[in-house]
Amino acid sequence: MTVTGTFADGAHRLPLRVYYEDTDFSGFVYHASYLRFMERGRTELLRSLAGDQSAMHQEGAGIVFVVRKMSLDFLKPARMDDLIDVVTWSSELRGASMHLAQEVRRGEEVLVRAEVVVACVRDGRAIRLPDGLRAALSRTHRTIATDR
């Protein structure tokens, strides 16, 4: 299992470079590209804590994770060739959902903030987060308010 990114200060950091394909005609990162960056950040957080999602799906008898809600705040643009970090941590754990906070940063400058609710689902129905994942996510728990 290869894990991308590192943990620091209770959060997962995924380094990325902005490529031409991530930008629009102005040379700035296209807004939808941030969604892909953040999906990669969430995937690598889960991979580092609980392993491959496809293995969880197979071993957990069909468990999948779906984004239920997302709130984004675009603060500053990234540009082609920028080195950015996608920083992800859990802000709240509920029965069948994990509330994650994410920031896309260039150095320590926050470019985009997101709050994401991800539901744990099997056969189209919400189910309780697996205990092992819940315990692992609790190690990345920080409140959103203190991180702004």
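Our structure is the block above this text.
Please read these numbers as outputs of a predicted model, since none were measured by experiment.

Draft legend 1. Seen up close, the overall build of the protein chain. Helix and strand counts for the protein chain come out as three helices and seven strands. In the protein chain, the order of α-helices and β-strands from amino to carboxyl end is β-β-α-α-β-β-β-β-β-α. Burial statistics for the protein chain: of 148 residues in total, 45% are counted as buried. Contacts in the protein chain between residues far apart in sequence, at least 24 positions, make up 68% of those at least 6 positions apart.

Draft legend 2. Structural detail: the pattern of salt bridges. A full pass over the atoms with the stated rule returns 13 salt bridges. Here aspartate 85 and arginine 13 are joined by a salt bridge, their closest N and O atoms 3.7 Å apart. You can see aspartate 85 sitting in strand E4 (residues 83–93) and its partner arginine 13 sitting in strand E2 (residues 11–17), a full 72 residues away along the chain. Judged by its relative accessible area of 18%, aspartate 85 is buried. Aspartate 131 is the salt-bridge partner of arginine 128, the closest N and O atoms lying 3.8 Å from each other. One exposure class covers both arginine 128 and aspartate 131, and it is exposed. Among the charged side chains, a network of salt bridges with common partners joins Arg13, Asp85, Glu103, Arg105, Glu108 and Arg113.

Draft legend 3. Up close: the nonpolar core. Within the largest apolar cluster, 29 residues are counted, with the highest numbers of intra-cluster contacts made by Tyr34, Phe65, Ile84, Met98 and Val104. Looking at this core, the elements that each hand over two or more residues are E2, helix H1 (31–50), E4, strand E5 (97–106), strand E6 (109–122) and helix H3 (131–138). Apart from the residues lying within four places of it in its own chain, the contact partners of methionine 98 are Leu46, Phe65, Glu92, Leu93, Val116, Val117, Val118, Leu129, Leu133 and Leu137.

Draft legend 4. Examining the side chain of glutamate 103 more closely. Take glutamate 103: it is sitting in strand E5. Side-chain polar atoms of glutamate 103 contact the side chain of arginine 113, separated by 3.2 Å.

Draft legend 5. Highlighting the packing of aromatic side chains. Scanning the model with the defined rule gives two aromatic pairs in all. Ring pairing ties together the aromatic residues Tyr34, Phe37 and Phe74, which thus form one cluster.

Draft legend 6. Representation of a nonpolar patch on the surface in the model. A cluster of nonpolar side chains, namely Leu35, Leu72 and Phe74, defines an oily patch on the protein surface of about 230 Å² accessible area. Structurally, the position occupied by leucine 72 is in strand E3 (residues 64–74). By relative accessible area, which is 31% here, leucine 72 ends up partly exposed.

Calculation notes
- Residues numbered from 1 in each chain as written.
- Predicted model: local features only at pLDDT ≥ 70, side-chain atom pairs only at ≥ 80, totals over all residues.
- Heavy atoms only, no water.
- Helix = DSSP H or I, 4+ residues; strand = E, 2+ residues; numbered from the N terminus.
- Buried < 20%, exposed > 50% of the residue type's maximum accessible area, 1.4 Å probe, protein only.
- Contact = heavy atoms within 4.5 Å.
- Salt bridge = Lys/Arg side-chain N within 4 Å of Asp/Glu carboxyl O.
- Core = buried A, V, L, I, M, F, W, Y, C linked by side-chain atoms within 4.5 Å.
- Polar contact = N/O pair within 3.5 Å; in protein donor to acceptor, adjacent residues only side chain to side chain.
- Phe/Tyr/Trp six-rings, centres within 6.5 Å; stacked < 30°, edge-to-face > 60°.
- Patch = residues over 30% accessible without salt bridge, like charges linked within 9 Å, V, L, I, M, F, W, Y side chains within 5 Å.
- Areas by Shrake-Rupley, 256 points an atom, 1.4 Å probe, with all protein chains shown as cover.

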